[in-house]
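# Commentary on secondary and tertiary structure
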Amino acid sequence: QLVLQERETGTIEVMFAISRSRYRVWLLKALTVYIAIFVLHLMLAVLTWIFITDFPFLQVLLNSMVPALLFGNLTILLSVVTRSSNGGALLASIALFLVFFFQGAFNPSFFYPFLNLQDLAQDLPREEYLRMAVVNRVLVLVMAFSFLGLALRRTHARERLL
């Protein structure tokens, strides 16, 4: 809904007519979405910590944001490409399903967005754990923000969105 709601409400022409960078407006909207996701993760983590079990709270909260950013930005990109928020959400859901379906093949790799860092810490020496954790998170975040950059770049051609 980040970009496409502007088209449906008829305000996208205003977005292209502003004197400042339209990327700034959409990045601000994306930041708002990220903050909302963080608040929801925070509430879920607090409830889980209170009612189910205690865990390394901050580490789990920050690690759960990484795949949320990846699939959120993928949804934005697919929504812009398909020009449909429902189509983008459906395609991103299929991608998410495929990642879970092939979980066994990707789990020990650097590219797996749902890498369980607590489980990984028990299996590897500390140096190898830190290297794999940092490389995994950097690669996933680079991919996530590449999706956002591609989505914003695709908005550059106004005719595609209008």
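Let me begin by describing the structure that accompanies this report. (Residues numbered from 1 in each chain as written. Predicted model: local features only at pLDDT ≥ 70, side-chain atom pairs only at ≥ 80, totals over all residues. Heavy atoms only, no water.)

### Points about the layout of surface pockets
What the second largest pocket holds in volume is close to 310 Å³. Mapped onto the lining of the second largest pocket, the elements with two or more residues apiece are α3 (22-51), α4 (57-82) and α7 (117-123). Among the elements that take part in the lining of the second largest pocket, α4 stands out by supplying 5 residues, more than any other. (1 Å grid on protein atoms, 1.4 Å probe; cavity = no way out; pocket = protein on both sides within 12 Å on 5 of 7 lines; lining within 4 Å. Points joined across faces, edges and corners; volume = space filled by probe spheres on them. Helix = DSSP H or I, 4+ residues; strand = E, 2+ residues; numbered from the N terminus.)

### Overview of the packing of aromatic side chains
On inspection of all chains with the given rule, the structure shows 4 aromatic pairs. Plain terms: the ring middles of F71 and F114 are 5.8 Å apart, the flat faces sit at 10° to each other, and that makes the pair stacked. Of this pair, F71 sits in helix α4 while F114 is found in the loop between α6 (103-106) and α7, placing the two residues 43 residues apart along the sequence. What makes F71 buried here is its relative accessible area of 11%. Given a relative accessible area of 26%, F114 falls into the partly exposed group. The interplanar angle of 20° and the centroid separation of 4.8 Å between the aromatic rings of F100 and F114 together place this pair among those described as stacked. With a gap of 14 residues between them, F100 in helix α5 (residues 85-101) and F114 in the loop between α6 and α7 connect regions that are remote in the sequence. The exposure class assigned to F100 is partly exposed, which follows from its relative accessible area of 42%. (Phe/Tyr/Trp six-rings, centres within 6.5 Å; stacked < 30°, edge-to-face > 60°. Buried < 20%, exposed > 50% of the residue type's maximum accessible area, 1.4 Å probe, protein only.)

### Observations concerning helix α8 (residues 126-154)
For α8, which comprises 29 residues, the first-to-last C-alpha distance of 42 Å matches the rise-based estimate of 42 Å (1.5 Å per residue) to within 8%. Those residues of α8 that sit buried are Y129, M132, A133, N136, R137, V140, A144, F147, L148, A151 and L152. (Expected span 1.5 Å × (residues − 1).)

### A short note on the nonpolar core
Inside soluble globular proteins, nonpolar side chains tend to come together where they are buried. Membership of the largest hydrophobic core comes to 28 residues, with the highest contact counts inside it found for L70, L117, L120 and L148. Looking at this core, the elements with two or more residues in it are α3, α4, α5, α7 and α8. The element contributing the most residues to this core is α4, with 10 residues. In this structure, L120 is in contact with L115, Y129 and M132, ignoring residues within four places of it in sequence. (Core = buried A, V, L, I, M, F, W, Y, C linked by side-chain atoms within 4.5 Å. Contact = heavy atoms within 4.5 Å.)

### A closer look at the packing of α4 against α5
Contact pair α4 / α5: the axes reach a minimum separation of 7 Å and the direction vectors enclose 135°. Considering the angle they form, α4 stands oblique to α5. In the crossing of α4 with α5, the sense of the turn from one axis to the other is right-handed. Contacts between α4 and α5 involve F71, L74, T75, L78, S79 and T82 on the former and, on the latter, S85, G87, G88, A89, L91, A92, A95, L96 and V99. Considered class by class, the residues forming the contact of α4 with α5 number 9 nonpolar, 6 polar and no charged. (Axes fitted to C-alpha atoms, helices over the stretch in contact; angles between N-to-C directions. Parallel < 35°, antiparallel > 145°, perpendicular 65-115°, else oblique. Left-handed = near helix turned anticlockwise from the far one by under 90°. Nonpolar A, V, L, I, M, F, W, Y, C, P; charged D, E, K, R; others polar.)

### Notes on α5
For α5, spanning 17 residues, the distance from its first C-alpha to its last is 24 Å, which sits close to the expected 24 Å at 1.5 Å a residue. Among the residues of α5, those classed as buried are S85, G88, A92 and V99. Projected down its long axis, α5 carries its buried residues within an arc of 65°, all on one side. Structural note: α5 exposes N86, L90, F97 and F101 on the side pointing more than 90 degrees away from its buried face. (Arc of directions from axis to C-beta.)

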